[in-house]
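Overview (structure and organization)
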Amino acid sequence: MECSLKARDMSWEWMQDANERFAIGDVVNVVVKAVSGDTPEELKVEVSAREASPNVSKQNLTCLKRQGKYVGTVTDVYKGTYFLRLDCRVNAVAHSCNTASLPGQGDEVGFLVTRINTEREVVEGIITRIIKRRQ
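Here is a short report on the structure shown in this document. Since the structure is predicted, the reported quantities are computational estimates derived from the model, not experimental observations.

**Observations concerning the overall build of the protein**
Check the secondary structure of the protein and you find 1 helix and 7 strands. When the helices and strands of the protein are read in sequence order from the N terminus, they spell out β-β-α-β-β-β-β-β. Its C-alpha atoms give the protein principal-axis dimensions of roughly 60 × 35 × 25 Å. Put simply, the protein has 135 residues, and 33% of those count as buried. Averaging the coordinates of the 19 positive side-chain charges in the protein and doing the same for the 18 negative ones gives two points 11 Å apart.

Right, here's the structure in full:
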């Protein structure tokens, strides 16, 4: 069966753009979460590709240290909150930014860890510098 897949259900790691890892026509293993509908025309299938692969975020979180400095890419900015994917394959949230100018989506930044949130499987911290602007 062929069906669409929401971007948030594609990977455990946050992505700026799904084209970073996937292309149209890719065959992807998924977990079927729900099937509804009585006839083939009404059939609706909800799937998740992220649940079909192991979650390495928990394991990668153990490698990070509080007050450690890491490099990551800004995947999204929403109401002054920055969402990042660190190069060590961990998701991060920054509520503040100590730079002369504000980073944007796709920028490579320096990140200082202030808290490791094992419940949400993210690290929280501060963006300390902009390393490279998105072209």
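What follows continues from the structure just given.
**So, the pattern of salt bridges**
Evaluation of the coordinates by the stated rule reveals 3 salt bridges. Linking Glu 46 and Lys 33 is a salt bridge whose minimum nitrogen-to-oxygen distance equals 4.0 Å. You can see Glu 46 sitting in strand E2 (residues 44–48) and its partner Lys 33 sitting in strand E1 (residues 31–36), a full 13 residues away along the chain. Relative accessible area serves as the criterion here: at 41%, Glu 46 is assigned to the partly exposed category. Arg 115 is paired through a salt bridge with Glu 124; the nearest N and O atoms lie 3.2 Å apart.

**Brief notes about the sheet that holds strand E4 (residues 81–86)**
Strand order around the closed barrel formed by 5 strands is E3-E4-E5-E7-E6, with mixed pairing between neighbours. Across this sheet, the average inter-strand angle for adjacent strands is 50°, counted without regard to direction. In the sheet, strand E3 (residues 69–78) pairs with E4 via 6 bridges, with the strands oriented antiparallel. Pairing of Val 77 across the sheet is with Tyr 82, part of E4.

**Points about the environment of Ile 126**
Residue placement: Ile 126 occurs in strand E7 (residues 122–132). Counting along the chain gives 14 residues from Ile 126 to Leu 112, while the straight-line C-alpha distance between them is 5.3 Å. The residues contacting Ile 126, other than those within four sequence positions of it, are Ser 96, Asn 98, Gly 110, Phe 111, Leu 112 and Thr 114.

**Some thoughts on the environment of Ala 52**
Turning to its location among the elements, Ala 52 is positioned in the loop between E2 and helix H1 (57–61). With 42 residues separating them along the chain, Ala 52 and Met 10 place their C-alpha atoms 9.5 Å apart. Ignoring anything within four residues of it in the chain, the contact list for Ala 52 reads Asn 29, Val 30 and Val 31.

**A word on the environment of Leu 84**
For Leu 84, the position within the fold is in strand E4. When the C-alpha positions of Leu 84 and Ile 130 are compared, they lie 13 Å apart, and in sequence the two are 46 residues distant. Other than its neighbours up to four places away in sequence, Leu 84 contacts Trp 14, Thr 73, Val 74, Thr 75, Val 90, Asn 91, Ala 92, Ala 94, Val 109, Phe 111 and Ile 127.

**Focus: the nonpolar core**
Membership of the largest hydrophobic core comes to 16 residues, with the highest contact counts inside it found for Leu 64, Tyr 82, Leu 84, Leu 86, Phe 111, Val 123 and Ile 127. Listed by contribution, the elements that provide at least two residues to this core are E3, E4, strand E5 (91–97), strand E6 (108–117) and E7. Those residues in contact with Tyr 82, other than ones at most four positions away along the chain, are Val 74, Asp 76, Val 77, Ala 92, Val 93, Ala 94, Cys 97, Leu 102, Pro 103 and Ile 127.

So, how was this worked out
Residues numbered from 1 in each chain as written. Predicted model: local features only at pLDDT ≥ 70, side-chain atom pairs only at ≥ 80, totals over all residues. Heavy atoms only, no water. Helix = DSSP H or I, 4+ residues; strand = E, 2+ residues; numbered from the N terminus. Buried < 20%, exposed > 50% of the residue type's maximum accessible area, 1.4 Å probe, protein only. Lys, Arg positive; Asp, Glu negative; His and termini not counted. Charge placed at Lys NZ, Arg CZ, Asp CG, Glu CD. Salt bridge = Lys/Arg side-chain N within 4 Å of Asp/Glu carboxyl O. Pairing = 2+ DSSP bridges. Axes fitted to C-alpha atoms, helices over the stretch in contact; angles between N-to-C directions. Contact = heavy atoms within 4.5 Å. Core = buried A, V, L, I, M, F, W, Y, C linked by side-chain atoms within 4.5 Å.

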